[in-house]
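Fold and contact review
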Amino acid sequence: MIELKNASRWYGQVIGINDVTCTVSSGITALLGPNGAGKSTLMKMVTGQLKPTTGSVTVFGERPFANPSVLRRLGYCPENEQLYDDMTGTEFVTMLGAMAGISSERLKSRVGEVIELVGMSHASRRKIGGYSKGMRQRIKIAQGIIHDPKVFILDEPLNGLDPVGRREVGALILSLAAKGVVVLLSSHILHEVESLTSNILLMYRGRLLAQGSIRDIRSHIDKHPHRITIRCADARPLAKKLLDMPYVLSAKFDKMEASEVEVETRAPDQFYSHFPEVVAEGGFLVTGFDSPDNNLESVFKYLVTK
Amino acid sequence: MAEIPTAGGSPSPIADLSYRGYDGVLEVRRARWWIIAQSSIRLTRLKKGFWVLVSLSAFPFVIMGAQMFFASRMPGSGSGNGGGLPSGPSAVMSMVFGATYGGQFYTAFTQQGFLLFVLAIMAGSGSIAADNQANALLVYLAKPITKVDYLVGKWMGVFLLIAGVAAAPAVLLYLYCLVSYSAEGFFSKDPGLLLRVIGAAAVSAAIHASLLVGFSAWSKTPRMAGAVYAGFYFVSAIVSSAVWGISTGGRDTEGILLRHLNVSGLIEGIAQNIYGVPQTIVSWRNEGLPEILTVDPPSLGIMLLLGGAVSLLGILFARAKIRAVEVVRG
Amino acid sequence: MSDYFIFLNALRDLMRPKKLIAIALLVALPAILVLLMKSVAPSGEFNPQVVYSTVAAGLIFGFILVMLSVIFGTSVLSQEIEQKTIAYMLTRPVPRWRIMLMKFAAAFIAIVTTVWFASIATALAAIGPKGLSEATLWRDLGILPIGALAYGAIFLLMATLLNRPLMYGLMFAFGWESWVPNMPGSFQQYSIMAYLRVLAPHPKPQSDSVGMADLLGRLNPQTISTTMAWTVLPIIIVVGLGLALLLFSRNEYVPREDAE
């Protein structure tokens, strides 16, 4: 649905996006990267606000720039918090709903539906100028989904939301994806993104650094051995057995108690498939199992800081 | 080999890349406003439009200089009329604009007036309004600076720019005249002209800066501040002109003070006193050619009082609005 | 449907209470000045037609029309960019030119309503109820919308081309438009005001003292014919508006600080 082919975007002599090629076709995709990575530029190109300097950007097979045919099926929730402060939430969503092509008969009820969906019914008749950051975020999401888009682009949707709000917005995004909406969202809150998707596009200094599932990406980072933490009543004999495996590089104990061992491996898949066998054979009592390297934070850290 | 900074000061081959606290002296600067003024000036200097206006503002002085140059090269030109102005083809212009060097400088200054007004809008409309828009006052006033430091910094940021742009071409023309026409009495007949040039530029800058910080502080966006100031500038000119017309029946030599009761009038009235040139009015009262009337400039005392009051009002208005709170409107 | 909402919201934004107060002041200003003139003028010296004509030329055509056109004409686009709300407009499935046209229509209505009310109030103040039957007033009411369209189109075009259209607009409106109509020869043909003066002439009273611009105007004969004015003004409107709509459809309008 969204396709970038060697897309680059320059702002004068500064490069915003540098030769990016990627495809977003289903489910939820998280666009990650530090500030200045080019996330917002990419989103602005996908939503038809900016044109690529070189290369191409297509959505539903068409160029999105000023293209109503694409924009009809696309929803966008921008990052900045500035809105029409003199309008009420209802007026704001109504105007943008009408501009999205919703018929006058359905407009009022549809506005009510989406406002309720984002949990803003109580404040929708108040002026936006008096809204908190979280309320602004919710009303922005409401305008983005009012026309039931096939693709929904959210730039930092979790910013300014309290933990409850994040959970609610997260649930909303998941439900949209469940209905078949393709969601592309950017965020800095990595653990929240992780709860929404494992599919990421990682950008850094305008370049696309990695794309795919977190686990796939992690498995390709051979420079950094994969760490696995195992909690066990007596970890030393287990560690000894594990070190016999050819793909286990090292084992490290937690302080003096030896109730936890952290092993490093370059072949996590093989490790995971043989690990139950080793445990069963040795009769070890494993009480916990964890991989700190399988999370988004560590992938992000590895790729961006190295 | 250079010594590598290490954690805890102990020698180590590994560099300490962890956070380093500031261990210098935290001094309270005396001119805290200067930091804010510098930042305003830097922001304006980066705008292309600023340099366009700087160039255009210099134009009246360039023309005046060219006119003097060609006039002095004409056959028969010499120490000529009045205060040492070269005679020749500039005679008609001299008749209209005043026959002294001071008169010529004043004329160029008034021609520059509209451009200085536009420049003031560019430099000053966003001075506080942009901070209001971004809620940046919270950040400024959380630093060890007072409301007065902030206000003085913003005011100086606008004032220095306008004064600089107004004075620079005039000072350059002054230097040109000093080199070229000293023999014709340029300096000896009016030794204080340089001070007059700088003084007039400062007056213009002070009035624009004071009013603009006032309008800017009460606006949510720079655009709004600029539009309101432009409205005020023109409406005050229209109203004072109309009131003058009503009260004098359009008699040119009467009600000079009334004609100056507006932003540009105040600036010109004070500048005219500083330059010490009479008010020249082109009148069409009689049929045929226009008549050039000369009247005394408006009273300096009253002009200064009014200019000062207007400027003070602008600053006080701004002061009343500068608050370190995030404004949320319901 | 979407056009109606864009238009309505743009108009509502122009009619917010604070803006309405400013508009009301602009409407009242010329009438108040006329009433003041009337109250102090010796009996027999107040010529209602001349006073209306002077105020209409100097204040309504020369200031209110131009000033409102600068502010409202440039705000059609600049306000959205400055507020950073332009993203909402540009990501809707409405052709860009229609968004701009609807917003321009709202600005046009606001300008015309203000200058019409100002003209009618001035005529009433100067001439009284009979003023409504004055041919000059009705001619002005007909020409003012043309002026609003011409100036509006130029300022809209400036907004699509320049970063700070208000500043350049003010320079054009009160610098260029004050001097160029009075320039000798065909130079005056480069000013909108010169054409408006041909279509809605307002003779100046003889006893006025004049500034340099006016002095030049009195020395230089008018070189624009009525036919020429009727030809050029529509061209300015069509070309200015057309170019603005075209540029808005093709160019990028993203707040600069948003650009990473």
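Right, let's walk through the structure included here. These numbers come from a predicted model, not from an experiment.

**Re the overall build of chain A**
- Across its full length, chain A carries 11 helices and 13 strands.
- Each of the three principal axes of chain A carries a C-alpha extent, and together these read 70 × 45 × 30 Å.
- The 306 residues of chain A split such that 55% are buried.
- Long-range pairs, those at least 24 residues apart, make up 67% of the contacts in chain A with a sequence separation of at least 6.
- Summed over all atoms, the accessible surface of chain A reaches about 13400 Å², with 50% contributed by carbon and sulfur.
- Taking the 37 positively charged and 33 negatively charged side chains of chain A as two groups, their mean positions are separated by 6 Å.

**Section: the sheet that holds strand β3 (residues 28-32) of chain A**
Residue and element names in this part refer to chain A.
- A sheet is described by the order of its strands in space; here 6 strands give the open sequence β5-β6-β7-β3-β8-β9, paired in mixed fashion. In this open sheet, the two strands that pair with only one neighbour each are β5 (74-77) and β9 (207-213). For this sheet the average axis-to-axis angle between neighbouring strands, irrespective of direction, equals 15 degrees.
- Where β3 lies against strand β7 (residues 182-186), 4 bridges are found, and the strand directions are parallel. Opposite A30, over in β7, you have L185 as the bridge partner.
- Relative to β3, helix α6 (residues 163-178) is tilted by about 130 degrees, and along the sheet it contacts β3, β6 (151-155) and β7.

**Here's the deal with the interface of chain B and chain C**
- Across the contact, 36 residues belong to chain B and 31 residues belong to chain C.
- Together chain B and chain C conceal approximately 2900 Å² of surface at their shared face, both sides included; 75% is due to carbon and sulfur atoms.
- Joining chain B to chain C, the criterion identifies 0 salt bridges.
- The interface formed by chain B and chain C holds 4 residue pairs in polar contact (both at pLDDT 80 or more) in total.
- Among the elements of the structure, α2 (48-73), α4 (101-124), α10 (222-248) and β1 (279-283) of chain B are those that each provide at least two residues to the side of chain B that touches chain C.
- Grouping the constituent residues of the side of chain B that touches chain C by class yields 23 nonpolar, 7 polar and 6 charged.

**Section: unusual backbone geometry**
Residue and element names in this part refer to chain A.
- Although it is not a glycine, D19 adopts a positive phi angle of roughly 50 degrees.
- Locating D19 in the fold gives a position in strand β2 (residues 14-24).
- Even without being glycine, A66 reaches a positive phi, approximately 50 degrees.
- Topologically, A66 is positioned in the loop between β4 (54-59) and α2 (68-71).

**Side note on the packing of aromatic side chains**
All names here are of chain C.
- The full count for this structure, using the stated rule, is 36 aromatic pairs over all chains.
- Judged by centre distance (6.0 Å) and plane angle (10 degrees), the rings of Y151 and F155 are stacked. Highlighted residues: Y151 and F155, both in helix α6 (residues 135-161), separated by 4 residues, approximately one helical turn.
- On the basis of relative accessibility, which here comes to 0%, the residue Y151 falls in the buried class.
- With a centroid separation of 6.1 Å and an interplanar angle of 50 degrees, the aromatic rings of W176 and F187 are classed as tilted. On the criterion of sequence distance, the pair formed by W176 in helix α7 (residues 165-179) and F187 in the loop between α7 and α8 (192-199) is long-range, its members being 11 residues apart.
- Taking relative accessible area as the criterion, W176 reaches 35% and is therefore assigned partly exposed.

**Observations regarding the interface of chain C and chain A**
- On the chain A side, the residues contacting the 30 residues of chain C number 44 residues.
- Of the roughly 3200 Å² buried between chain C and chain A on both sides combined, carbon and sulfur atoms contribute 58%.
- Between the two partners, chain C and chain A, sit 3 salt bridges.
- Residues R16 of chain C and D86 of chain A are paired through a salt bridge, measuring 4.0 Å at the closest nitrogen-oxygen approach.
- Where chain C meets chain A, there are 9 residue pairs in polar contact (both at pLDDT 80 or more).

The rules behind each value
- Residues numbered from 1 in each chain as written.
- Chains lettered and ligands numbered in written order.
- Predicted model: local features only at pLDDT ≥ 70, side-chain atom pairs only at ≥ 80, totals over all residues.
- Heavy atoms only, no water.
- Helix = DSSP H or I, 4+ residues; strand = E, 2+ residues; numbered from the N terminus.
- Buried < 20%, exposed > 50% of the residue type's maximum accessible area, 1.4 Å probe, protein only.
- Contact = heavy atoms within 4.5 Å.
- Areas by Shrake-Rupley, 256 points an atom, 1.4 Å probe, with all protein chains shown as cover.
- Lys, Arg positive; Asp, Glu negative; His and termini not counted.
- Charge placed at Lys NZ, Arg CZ, Asp CG, Glu CD.
- Pairing = 2+ DSSP bridges.
- Axes fitted to C-alpha atoms, helices over the stretch in contact; angles between N-to-C directions.
- Buried area = accessible area lost by both parts, 1.4 Å probe.
- Salt bridge = Lys/Arg side-chain N within 4 Å of Asp/Glu carboxyl O.
- Polar contact = N/O pair within 3.5 Å; in protein donor to acceptor, adjacent residues only side chain to side chain.
- Nonpolar A, V, L, I, M, F, W, Y, C, P; charged D, E, K, R; others polar.
- Phe/Tyr/Trp six-rings, centres within 6.5 Å; stacked < 30°, edge-to-face > 60°.

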